Amino acid sequence: RGVEKGRLLYTSVHLLETFEDSDQDFFPGSGSSNHSDAVLNFPLCPLWSPPDMLPHLPRGRLAWRARVQEMLAAVEKFGPSLLLVSVGFDASEGDEGSTQDGIAGLDLTHGDFEWSGKEIGRCASKCCGGRGGSVL
């Protein structure tokens, strides 16, 4: 059964790197643009990519924070009654799971995750009476 229009919003802040062979994309199936009013993507260029590969995409932890703020502004505008969050800690600096040739895809610190948790909590309090949860 489909979701009634305007009832669900999916947002994603993620690394995006594309190749001619889409099977090599990082992360395959992730979005580079918004698919609809209900699916909003906020892509970042991986740090391992040459700056000229995806010059239109921001990179690094400060760009990630800006993308999170953009995403939360969209969430606040949507006005959810419940906020569910899935966080991938593979964006942490030094995590081998998102490293290519010894270079990390993103360089988030514990402070970045703490900041995002507070920002998400603030958004949930403002939008939906604090109703929300997160999963790994």
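Here we summarise the structure given alongside this text.

What counts as what
- Residues numbered from 1 in each chain as written.
- Predicted model: local features only at pLDDT ≥ 70, side-chain atom pairs only at ≥ 80, totals over all residues.
- Heavy atoms only, no water.
- Helix = DSSP H or I, 4+ residues; strand = E, 2+ residues; numbered from the N terminus.
- Expected span 1.5 Å × (residues − 1).
- Buried < 20%, exposed > 50% of the residue type's maximum accessible area, 1.4 Å probe, protein only.
- Contact = heavy atoms within 4.5 Å.
- Disulfide = S-S within 2.5 Å.
- Salt bridge = Lys/Arg side-chain N within 4 Å of Asp/Glu carboxyl O.
- Core = buried A, V, L, I, M, F, W, Y, C linked by side-chain atoms within 4.5 Å.

**A word on helix H1 (residues 61-78)**
Then comes step 1: Its 18 residues place the ends of H1 26 Å apart at the C-alpha level, agreeing with the 26 Å of an ideal helix rising 1.5 Å per residue.
Then comes step 2: Among the residues making up H1, those that are buried are Ala63, Trp64, Arg67, Val68, Met71, Leu72, Ala74 and Val75.
Then comes step 3: Those residues of H1 that are buried lie in contact with strand S1 (10-15), strand S2 (39-44), strand S3 (83-86) and helix H2 (110-128).
Then comes step 4: Looking at the residues trailing H1, positive phi occurs at glycine 79, about 70°.

**Structural notes on the state of the cysteines**
Then comes step 1: Using the criterion set out here, one finds zero disulfides in the structure.
Then comes step 2: This cysteine, cysteine 123, is not joined by any disulfide, and cysteine 127 carries the nearest cysteine sulfur, 3.9 Å off.
Then comes step 3: Judged by relative accessible area, which is 0%, cysteine 123 ranks as buried.
Then comes step 4: We note that cysteine 128 lacks a disulfide partner, and the nearest cysteine sulfur, in cysteine 127, lies 5.9 Å from it.

**Some points on the pattern of salt bridges**
Then comes step 1: For the coordinates displayed, the defined rule picks out seven salt bridges.
Then comes step 2: Two residues, glutamate 70 and arginine 67, come together in a salt bridge whose shortest N-O distance is 3.4 Å. With glutamate 70 and arginine 67 both in helix H1, this residue pair falls three residues apart, about one helical turn.
Then comes step 3: For lysine 118, the salt bridge is made with glutamate 114, and the minimal N-O distance between the two is 3.4 Å. On the criterion of helical spacing, the pair formed by lysine 118 and glutamate 114 is a turn pair, its members being four residues apart in helix H2.
Then comes step 4: It is possible to trace a salt-bridge network through shared partners that takes in Glu76, Glu119, Arg122 and Lys126.

**Considerations on the nonpolar core**
Then comes step 1: Core analysis: the biggest nonpolar cluster contains 25 residues, and Trp64, Leu83 and Leu106 have the highest contact counts within it.
Then comes step 2: At the level of secondary structure, the elements contributing two or more residues to this core comprise S2, H1, S3 and H2.
Then comes step 3: When neighbours within four sequence positions are excluded, leucine 83 is seen to be in contact with Val75, Ile120, Cys123, Ala124, Cys128, Arg131, Gly132 and Gly133.

**What about H2?**
Then comes step 1: Here H2 spans 26 Å end to end across 19 residues, near enough to the 27 Å set by a 1.5 Å rise per residue.
Then comes step 2: Every buried residue belonging to H2 is among Asp112, Phe113, Trp115, Ser116, Glu119, Ile120, Cys123, Ala124, Cys127 and Cys128, and all of these are buried.
Then comes step 3: Looking at the buried side of H2, the elements it contacts are H1 and S3.
Then comes step 4: Downstream of H2 by one or two residues, glycine 129 has phi in the positive range, about 60°.

From the geometry alone we can't say anything about function, so treat these as descriptive.
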